[in-house]
Amino acid sequence: MTTTTFSMEELVSLCKRRGFIFPASEIYGGINGFWDYGPLGTELKNNLRDAWWHDMVHCPPIGPDGEPLSIVGIDSSIIQNPKVWEASGHVGGFNDPMVDCRETKSRYRADHLEVIANSNGEGRMYAFIEGDEESFERARKLLAKYEKIDSLGDEYSTMLLTDIPTDAFERIVGPNTKEVGTLTEPRQFSLMFDTTVGATGGDDNKAYLRPETAQGIFLNFMNIVDTMRVKVPFGIAQIGKAFRNEVTPRNFIFRSREFEQMEIEWFCHEDEAQQWYEFWCDYRKEWWQKMGLTTENLQMRQHDSDELAHYAKDGCGTFDIEYKFPFTSPGYGELEGVAHRGNYDLSRHTEFSGKKINYFDQEKNERYTPHVIEPSAGLSRGTLALLCEAYTPDDRPSKVFMKFNPRIAPIKAAIFPLVNKNGMPEIATKLHEEMRKKHVVQYDAKQSIGKRYARMDEAGTPYCFVIDGDTLEDN
Ligand code: GAP
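Rules of the game
- Residues numbered from 1 in each chain as written.
- Predicted model: local features only at pLDDT ≥ 70, side-chain atom pairs only at ≥ 80, totals over all residues.
- Heavy atoms only, no water.
- Salt bridge = Lys/Arg side-chain N within 4 Å of Asp/Glu carboxyl O.
- Helix = DSSP H or I, 4+ residues; strand = E, 2+ residues; numbered from the N terminus.
- Buried < 20%, exposed > 50% of the residue type's maximum accessible area, 1.4 Å probe, protein only.
- Axes fitted to C-alpha atoms, helices over the stretch in contact; angles between N-to-C directions.
- Parallel < 35°, antiparallel > 145°, perpendicular 65-115°, else oblique.
- Left-handed = near helix turned anticlockwise from the far one by under 90°.
- Contact = heavy atoms within 4.5 Å.
- Pairing = 2+ DSSP bridges.

1. Considering the pattern of salt bridges
Scanning the entire structure with this criterion turns up 24 salt bridges. Put simply, Arg-17 and Glu-458 hold a salt bridge, and the shortest N to O gap is 2.6 Å. A residue pair is termed long-range when its members are at least 10 positions apart, and Arg-17 in helix H1 (residues 8-17) and Glu-458 in helix H11 (residues 449-459) qualify at 441 residues. Residue classification places Arg-17 among the partly exposed residues on the basis of a relative accessible area of 46%. Using a relative accessible area of 9% as the deciding quantity, one classes Glu-458 as buried. Sharing partners across several salt bridges, the network here consists of Glu-212, Arg-341, Asp-345 and Glu-374.

Have a look at this one:
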């Protein structure tokens, strides 16, 4: 159980020091929202990816009828025909509201800013960044100072910036500003990354980097039905990169502009959709616990009606599986969404492509467009949750160790000869040769045994084998 608190700076510093994650293009000053995975981070992320693929595709869970689910995997293209994104609703519809501060030149998601105002809504209002305790306290203090009172009572309230009429913006003091009225009115900002396909350029050849892996699955629905002998209900799974030009990438790899998703589209009959929705919500939370996230750090949260995505089915909606990250604590941040997408996507692709996309149930002699339950997890964000969960401040010389579930630990075991003589290196090397055929193991004979243990503590290696005097005697 993670009880000791730590800051994100400490985690980011360990990730850099030990080769988990580095800023992308670091020697050129970095590039906001992009990250590179080092040797340990790559192993960790690959282990999470492989555990998901194994548990969802190769060995899927047992369904409510006691039979294993049927799920097949695909790997679709990142760039698709641009019409895909018109049909999916992303072109024109995948936007975030953004505000700029003219004084500090900072840019904010308008729906991530709140203001404190006196309750009749008159006088100055102070904006703060949602979930950021320091920025909230600063705003409270400024309002108290302005009103010449010791502390704020009930007559003051907080509200979302997006709920404030724009003619009142001239009375708002932005985060970290000296002047009043420096925030611009919210504008819609498209999250789609565009690019050009082919040499001729121009708008006719404009294409998009996918903002979710899900659409590649919908596009291949008929291919899978025609080639794989699947019967509804069944799932199609995909893991891969997604790209979003986020207004404010932040909190390390939590919100980046290039990231990886692990998505399942579960196709079922409309009458059974609610049952499958509940099944997937329960199962996916359980799965994250199996990866080592503790119950106290996980929660399920139903989306409010005003946060639902354009595809979420009326009245059924989306559940988020949330994790208590250090920067959201005591609150939680989204790790995975389980959405009831209805038959929105298959119907839209039918409409936009003119091709029939549906399913014929031979037993019931019924043709229909399946409904979809979508467990959509972040692989990058999941890797961050595992890093946060593993980080354990301690009294030992390294002051910290990483506690990973052995299944996802980057290095499974280290092999140390206690001293580099007396036949110990020979035995250790032989053991290393044997073990490395099956596992990621490391041989280390350099420096004191204490330093070698400390290095493995920080890498989160669950097992260390020391070849010592006893080994020479009893093997
Ligand atoms: N197909 C549905 C979909 O994409 P989403 O809630 O937008 O739904 C699913 O994304 C998951 O992808 C999120 O729960 C999160 O883990 C991850 N994710 C989304 N945007 C991200 C970003 N900018 N950086 C890192 N992970 C992100």
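2. Quick look at the packing of helix H2 (residues 39-58) against helix H9 (residues 379-390)
Put simply, H2 and H9 touch, their axes get as near as 10 Å, and they point 115 degrees apart. With respect to each other, H2 and H9 are oriented roughly perpendicular. The two elements H2 and H9 cross, and the hand of that crossing is right-handed. Along the contact surface, H2 presents Leu-44, Lys-45, Leu-48 and Arg-49, while H9 presents Leu-379, Gly-382, Thr-383, Leu-386 and Leu-387.

3. Here we look at the sheet that holds strand S23 (residues 413-417)
Spatially, three strands are ordered S24-S23-S25 in an open sheet, and the strand pairing comes out parallel. Strands at the two margins of the open sheet, each flanked by one partner only, are strand S24 (441-443) and strand S25 (463-467). On average, adjacent strands in this sheet sit at an angle of 15 degrees to one another, irrespective of strand direction. As paired strands, S23 and S25 are joined by five bridges and run parallel to one another. Its bridge partner lying in S25, Pro-417 is registered against Ile-467. The strands that helix H10 (residues 424-435) touches are S23, S24 and S25; relative to S23, the one it contacts most, it runs at about 160 degrees. Along the sheet face, H11 touches S23, S24 and S25 and points at about 170 degrees away from the line of S23.

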